Protein chains: 4
Amino acid sequence: MRIAICGATGYSGIEAIRLLAPRTDVTIVGISSETQAGLMLEEAVPGFRGFAVGRLRLLSLRDAVTEAEVVILALPHGEAMRVAPELLAQGKSVIDLSGDHRLPRDAYESWYKAESLSDAYADAIYGLTEWNRAAIAKASLIANPGCYATCAELALLPLFERDVAESSQILIDAKSGVSGAGKKPTATTHYVEADENFFAYKLGRHQHTPEIEMTLREARRRQTGFDESVQVLLATHLLPIKRGILCTAYVKLKEEMSGEALRDLFCARYEGEPFVDVLPYGVSPQLKWVNGTNRVSIGVYLDPRTQTAVVLSALDNLIKGAAGQAIQNLNVMTGVNEQEGLWFVPAV
Amino acid sequence: MRIAICGATGYSGIEAIRLLAPRTDVTIVGISSETQAGLMLEEAVPGFRGFAVGRLRLLSLRDAVTEAEVVILALPHGEAMRVAPELLAQGKSVIDLSGDHRLPRDAYESWYKAESLSDAYADAIYGLTEWNRAAIAKASLIANPGCYATCAELALLPLFERDVAESSQILIDAKSGVSGAGKKPTATTHYVEADENFFAYKLGRHQHTPEIEMTLREARRRQTGFDESVQVLLATHLLPIKRGILCTAYVKLKEEMSGEALRDLFCARYEGEPFVDVLPYGVSPQLKWVNGTNRVSIGVYLDPRTQTAVVLSALDNLIKGAAGQAIQNLNVMTGVNEQEGLWFVPAV
Amino acid sequence: MRIAICGATGYSGIEAIRLLAPRTDVTIVGISSETQAGLMLEEAVPGFRGFAVGRLRLLSLRDAVTEAEVVILALPHGEAMRVAPELLAQGKSVIDLSGDHRLPRDAYESWYKAESLSDAYADAIYGLTEWNRAAIAKASLIANPGCYATCAELALLPLFERDVAESSQILIDAKSGVSGAGKKPTATTHYVEADENFFAYKLGRHQHTPEIEMTLREARRRQTGFDESVQVLLATHLLPIKRGILCTAYVKLKEEMSGEALRDLFCARYEGEPFVDVLPYGVSPQLKWVNGTNRVSIGVYLDPRTQTAVVLSALDNLIKGAAGQAIQNLNVMTGVNEQEGLWFVPAV
Amino acid sequence: MRIAICGATGYSGIEAIRLLAPRTDVTIVGISSETQAGLMLEEAVPGFRGFAVGRLRLLSLRDAVTEAEVVILALPHGEAMRVAPELLAQGKSVIDLSGDHRLPRDAYESWYKAESLSDAYADAIYGLTEWNRAAIAKASLIANPGCYATCAELALLPLFERDVAESSQILIDAKSGVSGAGKKPTATTHYVEADENFFAYKLGRHQHTPEIEMTLREARRRQTGFDESVQVLLATHLLPIKRGILCTAYVKLKEEMSGEALRDLFCARYEGEPFVDVLPYGVSPQLKWVNGTNRVSIGVYLDPRTQTAVVLSALDNLIKGAAGQAIQNLNVMTGVNEQEGLWFVPAV
């Protein structure tokens, strides 16, 4: 497989290269960086020193993709939609890590506060692997889910596919490490500002909200035929850590259910899923169990006093929330074992 | 004022001494430590080296309180209730930082999984200063509120006093720094386990839950006469920081209200309160704005899509959530300016 | 005292305001910010919300200083030397936190890689309070020492004043928190880059080197008449913390000495110094004992195997290493008690 | 290869399992834990949930080693020397991560303050792979080097093998993450005590000192025949991070040398070494470039002002400083490609 990675020096791009570098069945034929083209990768990202991949030259996007069969776009939103059509026209497959292909035009423009190219969404398959595997296998353009969206959707899918959750007042209290904010230095990501601090941001306005709503609605419709709009309040918070997302989702159930029954529903849904770990009832996932891996760890709890179902889900935002899921989708698209290159035990 | 501090080498005890040490109107006449009695304070807590207070000798509880008019109990729960009656009988005032005097016997035994002495609760005034100031001024025994409870109650008081919130499905997603877990080394508080990690704990079982429910219920009853039990789901999480609590509370309103009207209600309630800062609408509080201070910072947001009121509140768990509020109550009890010794601008 | 603080929204400027705000004997008559002039302080630095000082308006430098008797310059180097002469000509006193007035022209240009105005150095008194107190009391322009320099100089002063240390191969392995790098977001100060990381920087090239060498040389000359150039290798490292500097200094002694005798020399030198704490022999200072205070904590150790004297010193880079020492100097200059407004017990 | 890992739930033991788990040429036939025997690994260390290795049962040491050809001892010092002889007598190979087999009896007892079994040292080969590869290949008992020792020795080996460094006043200012202190909760490793803190400990008394001195002396003797005792001052400091060691070593050279010549000497020594990366002259290694890998990153600098050679070295204390080097040695001992299972690009 000949792969190009565009936006190779951002955190998702670096992670994609890091995960693909050891693979013998993949050749990285091009890497691009708008700002650092001309440098060797190891000059731009010194962690790559001493690895063969570190001697790759950063190219312009055009040069990077020439020989690629599959192009991973780890570009800022607004860029991916501009380059994808031509790549597809050249017969390449595209996995887009940005939000450019996840939403219909109206939703995109409303949530991203940016112009959409009209057909960006229509061509793409939403790349939540555990949900869309069959379509992904045949896709040529993958809209890789957002990091928060992956975490929230995997937490709530079983409830919506089985239609046991109310459609409104789904509250997702989400917390993410700073790498989710990208590599560009800003006042928010300054060490002195983020360290020993914690706060909510983009309350009710986070751009991953509509893809969560669409996915949950569509998941229920697919399984049950019942179609109703879904309302999610996504409250995102910034954790003083490098990586990891934890979602605490609060949902009203349509009918009474025991805690164990609730957990059984998750176990049944994710049985055989290599990257989803449903914890014993009452056990809460920890970021250190998923960071450095492509896994999602899920814990469920049914509060007897408020009759609220709580689903906790944890993942590494740069792996299962970005580059890892991209490679999982790449594996599915290319018929390789889905776990290839993604088998990591978390470190201490 | 002659003060004794019992449990002087725990985090709350240290903080109480630190805050009282500069005051010229207060004399610390005794400090106690069960495990380190005999040492000078600066030997047990080297940060006190070079300060006069550091040369105080740690005593047994009995010896520490002899000359005190007011005793601050910074003891583990289960201890305070054993020593308070005798201190009161000797005519001393007592401020108890533990949970021993906050709950009726049944609730205490159910939530703390420990035996209660029958009359611990009956004698005490709940020390949420902004709510109970008049009673505190006349009290001889203060049940100082829990750290999470203080943060959650100040976030929700205005809604219940004005009876605009539903009584059930009050969801409080709370996050605390590690000092809240106390000074005793455990697997959970080991640096390598807590650093770069994040997780929920005691989901639905945190012992501060009932005092929040009682306070909100009673606050509404006092103001409106309307009495109805209140159900809170408190979901506590451990942040990889030293100090600070942020609560994100989600509440259903009884009737429609604009976001600004919601904020006005908070501004009206807390007008003139020196330690409560209601932020402009849509601004979220940050821990760095409150850590090191006795303040609570509150932000409100009304989600138009899910009709959910979100109230964010932040405080320093060792100051406003423990020793600072104890001293605020001490000031009220003794007729001193309430802000005395508690005026701190947060550091960078 | 009417004080102006220029560069009020950088970390040192903020800290100066924070430390001065509670004082009743000081009036802050002006604060300036080149980039945020026009805003209220609490808009630029939300931690100041709710404090009277937060309602001060950020002005241009010219407007900020109009009514001031003393001006604290917390500006980038290169700026202070441009504005100081006019301020002095207007009869104001100036405390300059930058490096602009610490070095002779040649040394400045060589170490700062920037042009000097010829007479910047000649007019200034070096503001290491514990060393230069008498001169500071009469000064109108203070060159406040660098953060690393303060930490290293206080560690080595007793050895040079008593002429017991060799002049060459003085190795200072220094480690600083990220706030020392300033508030401007850069790749180095990005949370994801600094967190869980550690490295040396500017090895042998740090601009605080020459002021350390000059001060140690001059200190020895003053006490003993013996004049010899001093060579320091300053190896600065970046710690993943907000604040604090620890220096581990390695020195060859001219003659054999016991560890206790070495410590006695420090005790004698710093007896009565309110902000220097000489630890018992063999005890190492910790940043948590000095952060948040204006103190330096010093530990000494004499290695019997390599005959090396090791002096460890710790301070808060924004307080004793910058704004705190500036205020200490302000107190000395204006005849106020030197400890005024600088009495802090370190927090947990 | 049939491997047993004893002390499987300490940080080094966990890391050894984590690194070996993906290998198809290695079978983990037993894992032991004194305190948690009987549990499945994934119950004791939840990060292993969902991996085959997580279903291994923790056994007593005796049961764990029964079928093993090679036993990795990740036990506290004092334990390994008790069990190694019997394992060797049974024809098993042993890799000991503790200090039990690194030092002659006198040195051990003096530095470890503990009794030695007389012949623990005589039987063992010191496992600094880059230095002792030939002997390791034939060894049945490996004394795996200490974490600080590995970092310091690889920094200084080229200087001693080429006899360009003075034997005395070798100053190693070393900084380690908290995992080096082990998994047992203590006051020192409590999050609230270690976070935002930094300090030196065991100054001049760290037990890795004598193995560094012995290795450097022997390395020089082997290459040059010149035998002279070597004196090292090891000043260890605790960094508020999970993992990583950085050593800043200061050495006097016997004769003048240019910086580039100094670096050439390192490049020549480590040419072809897969796990040693000599950086360009003047570039300082960063922990983030080595954490998560088995690599050492080395930077050199020659200070023209003090004529001091500075060598900076960085490694992951749990990998190259412990379990990774153990596996590197295992590979060498068993004739497998030395890099097998140790090829990791560092993560963002």
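In this text, all values refer to a predicted model and were calculated from it rather than measured experimentally. (Residues numbered from 1 in each chain as written. Chains lettered and ligands numbered in written order. Predicted model: local features only at pLDDT ≥ 70, side-chain atom pairs only at ≥ 80, totals over all residues. Heavy atoms only, no water.)

### Here's the deal with the domain arrangement of chain A
All names here are of chain A. In terms of domain boundaries, chain A breaks down into domain 1 (2-123) and domain 2 (148-316). One C-alpha centre belongs to domain 1, the other to domain 2; they are set 27 Å apart. Each partner contributes residues to the interface: domain 1 has 13 residues there, and domain 2 has 13 residues. Contact with domain 2 buries surface across domain 1, with Tyr11, Arg102 and Trp111 losing the most and accounting together for 56% of the total. At the junction of domain 1 with domain 2, the criterion picks out 2 salt bridges. (Domains from an automatic or database assignment. Contact = heavy atoms within 4.5 Å. Buried area = accessible area lost by both parts, 1.4 Å probe. Salt bridge = Lys/Arg side-chain N within 4 Å of Asp/Glu carboxyl O.)

### Some details on the interface of chain D and chain A
Listed per partner, the contact involves 30 residues of chain D and 30 residues of chain A. Here chain D packs against chain A, burying approximately 2600 Å² in sum over the two surfaces, 65% of which is carbon and sulfur. Linking chain D with chain A are 2 salt bridges, by the criterion used here. The shortest N-O distance in the salt bridge between A:Arg49 and D:Asp277 comes to 2.8 Å. On the surface where chain D and chain A come into contact, there are 6 residue pairs in polar contact (both at pLDDT 80 or more). Looking at the side of chain D that touches chain A, the element that brings in the most residues is helix 1 (residues 11-20) of chain D, giving 4 residues. (Polar contact = N/O pair within 3.5 Å; in protein donor to acceptor, adjacent residues only side chain to side chain. Helix = DSSP H or I, 4+ residues; strand = E, 2+ residues; numbered from the N terminus.)

### Brief notes about the packing of helix 7 (residues 147-161) of chain A against helix 10 (residues 259-270) of chain A
Residue and element names in this part refer to chain A. Remark: helix 7 packs on helix 10, axes separated minimally by 9 Å, with the N-to-C direction vectors making an angle of 105°. When the axes of helix 7 and helix 10 are compared, the pair comes out roughly perpendicular. Counting all contacts with helix 7, which are made through Glu153, Leu154, Ala155, Leu157, Pro158, Leu159 and Glu161, the residues of helix 10 involved are Leu262, Leu265, Phe266, Arg269 and Tyr270. Of the residues contributing to the contact of helix 7 with helix 10, the split by class is 9 nonpolar, no polar and 3 charged. (Axes fitted to C-alpha atoms, helices over the stretch in contact; angles between N-to-C directions. Parallel < 35°, antiparallel > 145°, perpendicular 65-115°, else oblique. Nonpolar A, V, L, I, M, F, W, Y, C, P; charged D, E, K, R; others polar.)

### Observations regarding the pairing of strand 11 (residues 245-252) of chain B
Residue and element names in this part refer to chain B. With 7 of 8 residues buried, strand 11 lies mostly within the body of the structure. Sheet topology places strand 8 (residues 170-176) next to strand 11; 6 bridges connect them, and they run antiparallel. Each bridged residue has a counterpart across the sheet, and for Lys175 the counterpart in strand 11 is Leu246. As paired strands, strand 11 and strand 14 (residues 308-315) are joined by 8 bridges and run antiparallel to one another. Bridge pairing in strand 14 links Cys247 to Ser313. (Buried < 20%, exposed > 50% of the residue type's maximum accessible area, 1.4 Å probe, protein only. Pairing = 2+ DSSP bridges.)

### Notes on the relation of the copies chain D and chain A
Rotating chain D by 180° about the axis while translating it 0.0 Å along that axis superimposes it on chain A, leaving an RMSD of 0.0 Å. On this basis, the relationship between the two copies can be described by a two-fold rotation axis. Residues of chain D ranked by C-alpha distance from the rotation axis are headed by D:Glu196, positioned 4.4 Å from it. Most of the interface of chain D is mirrored in chain A: 100% of its interface residues are interface residues there too. (Least-squares fit on C-alpha atoms with pLDDT ≥ 70 in both.)

### Here's the deal with the interface of chain A and chain B
Listed per partner, the contact involves 44 residues of chain A and 43 residues of chain B. For the chain A and chain B pair, buried surface summed over both sides reaches about 3900 Å², with 59% attributable to carbon and sulfur atoms. At the boundary of chain A and chain B, one finds 6 salt bridges. On the surface where chain A and chain B come into contact, there are 28 residue pairs in polar contact (both at pLDDT 80 or more). Sorting the residues of the side of chain A that touches chain B by element identifies strand 8 (170-176), helix 8 (191-194), strand 9 (199-201), helix 9 (209-224), strand 10 (232-238), strand 11 (245-252), strand 13 (296-303) and strand 14 (308-315) of chain A as the ones contributing at least two each. Across the side of chain A that touches chain B, the residue classes tally to 21 nonpolar, 12 polar and 11 charged.

### A word on the sheet that holds strand 4 (residues 70-73) of chain C
Strand order in this open sheet of 7 strands is 3-2-1-4-5-7-6 (chain C), and the pairing throughout is parallel. A strand with exactly one partner marks an edge of an open sheet, and here the two such strands are strand 3 (58-59) and strand 6 (125-126) of chain C.

### Focus: the packing of aromatic side chains
For the coordinates displayed, the defined rule picks out 20 aromatic pairs over all chains. Ring plane angle 10° and centroid distance 5.0 Å describe the contact between A:Tyr191 and C:Tyr191, whose orientation is recorded as stacked. Within this pair, whereas A:Tyr191 is found in helix 8, its partner C:Tyr191 is found in helix 8 (residues 191-194), the two belonging to separate chains. We note that A:Tyr191, like C:Tyr191, is buried. (Phe/Tyr/Trp six-rings, centres within 6.5 Å; stacked < 30°, edge-to-face > 60°.)

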